[in-house]
Amino acid sequence: MDIATVVGVLFGLVVVIGAIVAGGGGGMFFDAPSMAITIGGMICATMIHFSLPQFFGIFSIIRKTIVSKIPSPSELIQKMVNYAAINRRDGALALEQEIRNVNDLFFVKGLQMLVDGQESENIRELMTLEIQYLQDRHSTGKKILEFMGAAAPAFGMIGTLIGLVKMLSNLESPESIGSGMAVALLTTFYGAFAANLIFIPLAGKLGIYSKAEVTAMEMITEGICAIAQGENPTAVGEKMQAFISHGRREEVKANI
Amino acid sequence: MDIATVVGVLFGLVVVIGAIVAGGGGGMFFDAPSMAITIGGMICATMIHFSLPQFFGIFSIIRKTIVSKIPSPSELIQKMVNYAAINRRDGALALEQEIRNVNDLFFVKGLQMLVDGQESENIRELMTLEIQYLQDRHSTGKKILEFMGAAAPAFGMIGTLIGLVKMLSNLESPESIGSGMAVALLTTFYGAFAANLIFIPLAGKLGIYSKAEVTAMEMITEGICAIAQGENPTAVGEKMQAFISHGRREEVKANI
Amino acid sequence: MDIATVVGVLFGLVVVIGAIVAGGGGGMFFDAPSMAITIGGMICATMIHFSLPQFFGIFSIIRKTIVSKIPSPSELIQKMVNYAAINRRDGALALEQEIRNVNDLFFVKGLQMLVDGQESENIRELMTLEIQYLQDRHSTGKKILEFMGAAAPAFGMIGTLIGLVKMLSNLESPESIGSGMAVALLTTFYGAFAANLIFIPLAGKLGIYSKAEVTAMEMITEGICAIAQGENPTAVGEKMQAFISHGRREEVKANI
Amino acid sequence: MDIATVVGVLFGLVVVIGAIVAGGGGGMFFDAPSMAITIGGMICATMIHFSLPQFFGIFSIIRKTIVSKIPSPSELIQKMVNYAAINRRDGALALEQEIRNVNDLFFVKGLQMLVDGQESENIRELMTLEIQYLQDRHSTGKKILEFMGAAAPAFGMIGTLIGLVKMLSNLESPESIGSGMAVALLTTFYGAFAANLIFIPLAGKLGIYSKAEVTAMEMITEGICAIAQGENPTAVGEKMQAFISHGRREEVKANI
Amino acid sequence: MDIATVVGVLFGLVVVIGAIVAGGGGGMFFDAPSMAITIGGMICATMIHFSLPQFFGIFSIIRKTIVSKIPSPSELIQKMVNYAAINRRDGALALEQEIRNVNDLFFVKGLQMLVDGQESENIRELMTLEIQYLQDRHSTGKKILEFMGAAAPAFGMIGTLIGLVKMLSNLESPESIGSGMAVALLTTFYGAFAANLIFIPLAGKLGIYSKAEVTAMEMITEGICAIAQGENPTAVGEKMQAFISHGRREEVKANI
């Protein structure tokens, strides 16, 4: 669960809603037709831009980004060093029991190949391909979110233009000018809000999450392949540590 | 037929027209001269930017993108494995009858070369060149759509500027200010609508469609060349599967 | 003569002028001082940005883009095959008479080197350098046009700001507000018009024209060098055909 | 301590506050709710975009950029030449006393490895990795500052939209229009001010500071490795001078 | 002295000032506080963005760009061919007298190394490094000018926001609205003017000037090294001509 994302969205909502209800009033900020044109238009443009499977896939990627937990590098190294020790002591088959305690499907697949006695070369090729497909999926997800972040303000502006044209062509009662213009501006507000608080930052988080997940997967691949080559636990740990910042590595070794 | 594009455009029109007719009125949103300047100006700028053949070619590319169907990878592999089996059993000439059942011209051309007994090298060179020319055509089509997506709002703004200047220089009757400004804003609305619902998303879809079609063509090339080298059906299938995501491949093999 | 450019500019002028004169009036759209600041400012900024020779060179490049004609690939191949036949039959000196019928200076220079009996290597080096200098010139021309397309709206805005400040500081007669603001907006209109109908599309056309001319020059270079190496007409034609799309090549061979 | 940053920020505040208080009044420019939405929204978006550690790390990076001092290249060369002389005369262990006088942790780590008698290869590998991690941290810091520079005006606009909608839907008293709109514009002002005076220039300074620090670290690495290889002081100095501009080097040698 | 820059700036000032004074009035366009916020803010942001030496270095670079004269390629070739002849006839030491007639410090340094009898390899290495440092300086100068071209309109907008807020919160006398808004818009005008007539085009000119100066320096380097290798005058000239466009080279040889 990514705390920063959840806190950012909740706190951002508090800030914006606070600004809306401050000084009384604020009911006029909820306008269903204005929301329909901004969000609806954005969704339609996204459907035209991307293919249906890509479009529906974005929801699962967002959900996964917020909910799933990337294992910490030191945790991964610890686990892998243990597996290397088991492998040395009791052979690869003894790892089969450990697989039940692993949640990460990618990790499970790697261990299974280890248990099946596949060669290091094959394991690396398959797991690298898997990592590449994940990067492709994440990159598409990032592009969709970025496109939504561009489409939302655009349809907000389209909604405002529609509202302005309607208001301007009915100027009989001067007192209705203000409220008409207020409603017209709402779609621009919705578009700017959705883009700047949701879609654009979420696209950025997806990029950072993707980088972290890929690093974790590369560490797992490196560890599994080292075990498959029959290396000792220390060597396995050292190979995986090459992925971590030197500063952090020192922390693990000693507390300087 | 690309469902997402059709649904997106139709639903987008419903959303925008719904916003226009909501609350009565909406006839003033159809203004032929405003459309003429926005769409006409955009077309003229596109003609100046590109050559005549490129300009007229864009319509067929859009049509093809929406209508034509890219064969699914598994379907392609199935067909190609069958052809490999026929080739092994009855020789390349026996494939001539199969050509009639194939609609894709690129596939037909490849099979024909196979039947003619051309060498694998020659077939690959010719088909790769063909793929490259398709990519060029699609890339030009994408550039044209993107330019239209930039030119439409620009000419919308030019139309609004003309409308504003005309309105401002005739301020005798205050009640005409509103309607004058409403008409002036219409061109900006047309430009933003055309760009954000049609041209920009369609340019994106063309890019995604192009990538999918190129992958299909590369799979066909790989398959035809494998058959030309006399490989057995299993090997042909495996070579083509290298183009599909590992996850999907697993799905095909087993249901894990 | 590039039809698309001429038709685009003329038709674009018709569309914009039509929008201006529609509904009567339109004389206020011609305002010499407004034009002076928009066009003058743009020209000054372009002079500061580029060197004087680059600045004056742009006119000849634009003129050449609109007027000059790029020979069609099939025409070039036909000519070169004929020259290869003459060279085989009567020797390189017999080509001297053919030079008089060629208008393209680059083609003439290549044939002259052929007649002078220079080696294939030397000819290719010299002609490739020539192509590179042309690309440099065109690339500079494109940059100048793109800069003009950015500077014109900028100075349009500067003119509008000047007009607004002048109008706002003289608000005695309310009826003059409208006409003052109308005049102020004219410079923005001029800038947007010049950029979007002239400079930006022309920069794009220059890029497309440059690509086509470079391809033609590369075909000529390839053909001349093939003749210099004493290849037979068929081989010369085949070498040049590598530059054309396979689809078109088929057309030349047969009418499928 | 980076003088330019401090002077720039202080002087910039003076200029803007001077413009605010000039001609009397200026109290209305301080509006806590407006600040809350602009700054709060920006912070929330930044938290969603980046991970928590990255988000909190930015403050220490900014502080370090302003406070810490990058040693001048000539100073570094002088020190390293001295160390090379000590190393030659008394051996690497004699350098242990010198470490106490060095503040830079990176320099200390390098000297320590020298004293520990590690090989030149190992030292370079470790120190290069360290430099790379610093570049990564600085690059992330730059991205965060740039994102803040984009988010601040965006939330300024969102705040202005909220203010405008609220003002327009309560147009009973015309005299309140002005002050309502003034308050609405404040958030846009805050956003533009924060982005253009603080975040965007600071992102640029971080880039320049990062480049200078990396150069200093590379010079230290080069010097330490040269000493580890047992080179004489002159050779050590010459190797480090390769990083300085030739003009400056001449200055050090002679005063031409 | 770069004529185009001087003429462009002067003529641009004439055009803009002409637009200001046309129709009487124009004194309100000079407003010291408005200038202070636009130019002062821009300078402060530039100081924060860059280091102090970089910031102060920009003035000398601009001055040098306008004042200094890049020697024409043919002039350089002529001189170098003469030096090659002197070197052949009287030896390198005879060149010492020629150095006095050369103004370009880079050229002087090259000749001095020639007289000192340094090897061709050393000369090339040193001069290439010198060229690289010049490119670095020019590239930084270009970045500073481009940043100023972005900061000037930004602080113009900040000044306008301050002016608008002040005006809107003091709406007692309606006749002061116009003049208040006129003053508010002045800073936007200053920012747009400074960016589009001065900073952005000057950044472009610096890039073009840098390219020309680097080519001249590369030609000098090539010539000096050729002389140092003892090549004859003709070979020296031919080596340097490789830097000039083929068209121009022909001009020099013959007048076709």
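What counts, and where the lines are drawn
Residues numbered from 1 in each chain as written. Chains lettered and ligands numbered in written order. Predicted model: local features only at pLDDT ≥ 70, side-chain atom pairs only at ≥ 80, totals over all residues. Heavy atoms only, no water. Helix = DSSP H or I, 4+ residues; strand = E, 2+ residues; numbered from the N terminus. Rg over C-alpha atoms; globule rule 2.2 N^0.38 Å. Buried < 20%, exposed > 50% of the residue type's maximum accessible area, 1.4 Å probe, protein only. Contact = heavy atoms within 4.5 Å. Least-squares fit on C-alpha atoms with pLDDT ≥ 70 in both. Buried area = accessible area lost by both parts, 1.4 Å probe. Salt bridge = Lys/Arg side-chain N within 4 Å of Asp/Glu carboxyl O. Polar contact = N/O pair within 3.5 Å; in protein donor to acceptor, adjacent residues only side chain to side chain. Nonpolar A, V, L, I, M, F, W, Y, C, P; charged D, E, K, R; others polar. Core = buried A, V, L, I, M, F, W, Y, C linked by side-chain atoms within 4.5 Å. Phe/Tyr/Trp six-rings, centres within 6.5 Å; stacked < 30°, edge-to-face > 60°. pLDDT = per-residue confidence, 0-100.

Trainee: Break down the overall build of chain A for me, citing the residues and quoting the values.
Mentor: Helix and strand counts for chain A come out as 10 helices and zero strands. Beginning at the N terminus, the succession of helices and strands in chain A can be written as α-α-α-α-α-α-α-α-α-α. For chain A, whose C-alpha radius of gyration is 26 Å, the value lies well above the compact-globule estimate of 18 Å for 256 residues. When its C-alpha atoms are laid out on the principal axes, chain A stretches across 90 × 45 × 30 Å. The buried share among the 256 residues of chain A stands at 47%. Counting contacts in chain A only where the partners sit at least 6 residues apart, residues at least 24 apart contribute 76% of the total.

Trainee: Explain the relation of the copies chain D and chain E to me, using residue names and the numbers behind them.
Mentor: Rotating chain D by 72° and moving it 0.1 Å along the rotation axis overlays it on chain E with an RMSD of 0.0 Å. Read as a symmetry element, the transformation amounts to a five-fold axis.

Trainee: Explain the interface of chain D and chain E residue by residue, including any values.
Mentor: It is common to report an interface's size as the accessible area lost on association of the parts. Counting residues at the interface gives 42 residues for chain D, matched by 31 residues for chain E. Taken over both partners, the interface formed by chain D and chain E buries close to 2900 Å², and the fraction arising from carbon and sulfur atoms is 80%. Applying the counting rule to chain D against chain E returns zero salt bridges. For the interface between chain D and chain E, the tally reads six residue pairs in polar contact (both at pLDDT 80 or more). Counting residues per element, the ones that place at least two in the side of chain D that touches chain E are helix 1 (3-21), helix 8 (175-228) and helix 10 (246-253) of chain D. Of the residues belonging to the side of chain D that touches chain E, the class tally is 28 nonpolar, 12 polar and two charged.

Trainee: Account for the arrangement of the chains, with residues named and values stated.
Mentor: One thing to see here is that chain B and chain D don't touch, and their nearest C-alpha atoms sit 17 Å from each other. The two units chain A and chain E are non-contacting; their minimal C-alpha-C-alpha distance is 17 Å.

Trainee: Describe the pattern of salt bridges, with residues and values.
Mentor: Tallied over the entire structure, the rule returns 25 salt bridges over all chains. Between Lys109 of chain A and Glu130 of chain A there is a salt bridge, with its nearest N and O atoms 3.6 Å apart. Of this pair, Lys109 of chain A sits in helix 6 (residues 105-115) while Glu130 of chain A is found in helix 7 (residues 120-168), placing the two residues 21 residues apart along the sequence. Classification of Lys109 of chain A by relative accessible area gives partly exposed; the value is 32%. A salt bridge links Glu146 of chain D to Lys142 of chain D, with the nearest nitrogen and oxygen atoms 3.5 Å apart. Taken together, the positions of Glu146 of chain D and Lys142 of chain D, both in helix 7 (residues 120-168) and four residues apart, correspond to about one turn of that helix.

Trainee: Go over the nonpolar core with me, naming the residues and quoting the values.
Mentor: Counting 218 residues, the largest nonpolar core has Phe189 of chain A, Phe189 of chain B, Phe189 of chain C, Phe189 of chain D together with Phe189 of chain E as the members making the most contacts within it. Ignoring anything within four residues of it in the chain, the contact list for Phe189 of chain A reads Val16, Ile20 and Phe29 of chain A together with Ile158, Leu161 and Ile162 of chain D.

Trainee: Provide a residue-level description of the interface of chain A and chain D, including the pertinent values.
Mentor: Taken residue by residue, the interface counts 41 residues in chain A and 31 residues in chain D. One can count five residue pairs in polar contact (both at pLDDT 80 or more) joining chain A with chain D. Put simply, the parts of the chain that give the side of chain A that touches chain D at least two residues each are helix 1 (3-21), helix 8 (175-228) and helix 10 (246-253) of chain A. Ranked by the residues each element gives to the side of chain A that touches chain D, the list is headed by helix 8 of chain A, at 18 residues. Broken down by class, the residue content of the side of chain A that touches chain D amounts to 28 nonpolar, 11 polar and two charged.

Trainee: Tell me what's going on with the packing of aromatic side chains, and back it up with residues and numbers.
Mentor: In total, this model carries 35 aromatic pairs over all chains according to the counting rule given. Centroid distance Phe55 of chain A to Phe59 of chain A: 6.1 Å. Interplanar angle 80°. Geometry classified as edge-to-face. Of this pair, Phe55 of chain A and Phe59 of chain A both sit in helix 3 (residues 52-67), four residues apart, roughly one helical turn. Of the residues examined, Phe59 of chain A reaches a relative accessible area of 48% and is grouped as partly exposed. Centre to centre, the rings of Phe29 of chain D and Phe189 of chain D are 5.7 Å apart; their planes meet at 75°, and the pair counts as edge-to-face. Here Phe29 of chain D, found in the loop between helix 1 and helix 2 (32-49), pairs with Phe189 of chain D, found in helix 8; they are 160 residues apart in sequence, far enough to count as distant. Judged by relative accessible area, Phe29 of chain D falls into the buried class, the value being 4%. Pairwise contacts between aromatic rings join Phe29, Phe189, Tyr190 and Phe193 of chain A into one cluster.

Trainee: So what's going on with the confidence of the model for chain A? Which residues, and what values?
Mentor: Residue and element names in this part refer to chain A. When pLDDT is averaged across chain A, the result is 86; 94% of the residues are at 70 or more. No element of chain A has a lower mean pLDDT than helix 10, which averages 51, and none a higher one than helix 2 (residues 32-49), which averages 93. Overall fold confidence for the complex sits at a pTM of 0.88, while the interface term, ipTM, reaches 0.85.

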